[in-house]
Amino acid sequence: MAVKWLRVSAAAGNPEAQNDLGYFLHEGLGVGKNRGHAFRWYFRAAKQGVLRAQFNVGLCYRDGDGVKTSNQKAREWLQKAARRGHAPAREILKRML
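Predicted, not measured: the structure shown is a model, and the values here were computed from it.

Reading guide: rules and limits
- Residues numbered from 1 in each chain as written.
- Predicted model: local features only at pLDDT ≥ 70, side-chain atom pairs only at ≥ 80, totals over all residues.
- Heavy atoms only, no water.
- 1 Å grid on protein atoms, 1.4 Å probe; cavity = no way out; pocket = protein on both sides within 12 Å on 5 of 7 lines; lining within 4 Å.
- Points joined across faces, edges and corners; volume = space filled by probe spheres on them.
- Helix = DSSP H or I, 4+ residues; strand = E, 2+ residues; numbered from the N terminus.
- Nonpolar A, V, L, I, M, F, W, Y, C, P; charged D, E, K, R; others polar.
- Salt bridge = Lys/Arg side-chain N within 4 Å of Asp/Glu carboxyl O.
- Buried < 20%, exposed > 50% of the residue type's maximum accessible area, 1.4 Å probe, protein only.

Colleague: How do you make sense of the layout of surface pockets when you look at a structure like this?
Modeller: Vacant regions in the atomic arrangement are exposed by a probe of water-molecule size rolled over the atoms. For the largest pocket, the calculated volume is near 170 Å³. As for the largest pocket, its lining consists of Asn-19, Asp-20, Tyr-23, His-26, Glu-27, Tyr-42, Arg-52, Asn-56, Leu-59, Cys-60, Asp-63 and Asp-65. Of all the secondary structure elements, the ones that give two or more residues to the lining of the largest pocket are α2 (15–27) and α4 (51–63). In the lining of the largest pocket, the residues fall into four nonpolar, three polar and five charged.

Colleague: It is not clear to me how the environment of Arg-95 should be interpreted in this structure. Could you clarify?
Modeller: Of note, Arg-95 is situated in helix α6 (residues 87–96). C-alpha separation for the pair Arg-95 and His-26, spaced 69 residues apart in sequence, amounts to 24 Å.

Colleague: I would appreciate a short explanation of the pattern of salt bridges in the present structure.
Modeller: A side chain with one charge can pair with a side chain of the opposite charge if their charged atoms come near. Scanning the model with the defined rule gives five salt bridges in all. Arg-62 is the partner of Asp-63 in a salt bridge, and the nearest nitrogen-oxygen pair spans 2.7 Å. A residue is classified by how much of its surface remains accessible, and Asp-63, at 44% relative accessible area, is partly exposed. Through salt bridges with shared partners, a single network forms among Glu-16, Asp-20 and Arg-52.

If you want it as structure tokens, here you go:
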């Protein structure tokens, strides 16, 4: 039931639902795991300013999770999250340098 609502809401442009649907797809919660689709939903939400999504996009780029690995893009997205006060993003950036 939650996945159906998330799909409808995400498709309608709700950025929080987009990030949450990305998480469900990433982890295989109520749906089959699909890291590529998860990344696309995270990215849509991140472009709309969802802090958790910006962090998730950074992690996906760092780990090559659903997208080609790119340390540069990982740093860019993690920096966006870190500048907004996301402590885990700050810690990861420290380790990447």
